[in-house]
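Secondary and tertiary structure notes
The primary structure of each chain is shown beneath.
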Amino acid sequence: LVLLMAAVTFIPRLIPLVFIRIDNIPKKFRTFLSLIPYAVLGALLIPGGVFGIPDRPWISIIVLAAAALISWIKNSIIITLVLCVALAWGLQLISF
């Protein structure tokens, strides 16, 4: 069953890799495809980020703004993650 499930998820990922060459895709469409991961990430993270701490949404909003700023300046997911977790933890400690 596990191998069948693996094949079912692997085959749709393999088909475009085998049959579609990157130089056949128009430049505008390639640009569009390159932006999709950011849009999906935003759609997943922003609602969870705003409502992550239900009784104190202001902490979530501050941490989201800090994450945007830090990731823009540092361009590192690890640094952004560590600093924002520390910020959220610190704000929760001082806001009892």
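The preceding data block contains the structure.
Residues numbered from 1 in each chain as written. Predicted model: local features only at pLDDT ≥ 70, side-chain atom pairs only at ≥ 80, totals over all residues. Heavy atoms only, no water.

**Some words on the overall build of the protein**
- Summing up its helical and strand segments, the protein has 4 helices and 0 strands in all.
- Order of helices (α) and strands (β) in the protein, N terminus to C terminus: α-α-α-α.
- Expected size for 96 residues packed as a compact globule is a radius of gyration near 12 Å; at 19 Å, the protein overshoots this value by more than 25%.
- Viewed in the frame of its principal axes, the protein has a C-alpha envelope of about 55 × 40 × 20 Å.
- Considering only residue pairs separated by 6 or more positions, the protein has 41% of its internal contacts joining residues 24 or more positions apart. (Helix = DSSP H or I, 4+ residues; strand = E, 2+ residues; numbered from the N terminus. Rg over C-alpha atoms; globule rule 2.2 N^0.38 Å. Contact = heavy atoms within 4.5 Å.)

**Topic: the environment of Pro57**
- Mapped onto the elements of the fold, Pro57 is located in helix α3 (residues 57-74).
- The sequence separation of Pro57 and Ala86 amounts to 29 residues, and the corresponding C-alpha distance is 17 Å.

**Quick word on unusual backbone geometry**
- One non-glycine residue, Asn75, lies in positive phi territory at about 55°.
- Along the chain, the position of Asn75 falls in the loop between α3 and α4 (77-94).

**Overview of the pattern of salt bridges**
- For the coordinates displayed, the defined rule picks out 1 salt bridge.
- Of the charged contacts, one joins Asp55 and Arg56 as a salt bridge, the two residues approaching to 3.7 Å between their closest N and O atoms. (Salt bridge = Lys/Arg side-chain N within 4 Å of Asp/Glu carboxyl O.)

**Digging into the packing of helix α2 (residues 27-50) against α3**
- Between α2 and α3, whose axes approach to 7 Å, the crossing angle comes to 140°. With respect to α3, the element α2 is oriented oblique. Note on element contacts: α3 touches α2 through Pro57, Ser60 and Leu64, opposite Ile46, Gly49 and Val50.
- Class assignment of the residues belonging to the contact of α2 with α3 gives a composition of 4 nonpolar, 2 polar and no charged. (Axes fitted to C-alpha atoms, helices over the stretch in contact; angles between N-to-C directions. Parallel < 35°, antiparallel > 145°, perpendicular 65-115°, else oblique. Nonpolar A, V, L, I, M, F, W, Y, C, P; charged D, E, K, R; others polar.)

**Description of the side chain of Ser95**
- Tracing the backbone through its elements, the reader meets Ser95 in the segment after α4.
- Among the polar contacts made by the side chain of Ser95, one reaches the side chain of Arg56 at a distance of 2.7 Å.
- With residues near it in sequence (within four places) discarded, Ser95 still touches Arg56, Trp58 and Ile59. (Polar contact = N/O pair within 3.5 Å; in protein donor to acceptor, adjacent residues only side chain to side chain.)

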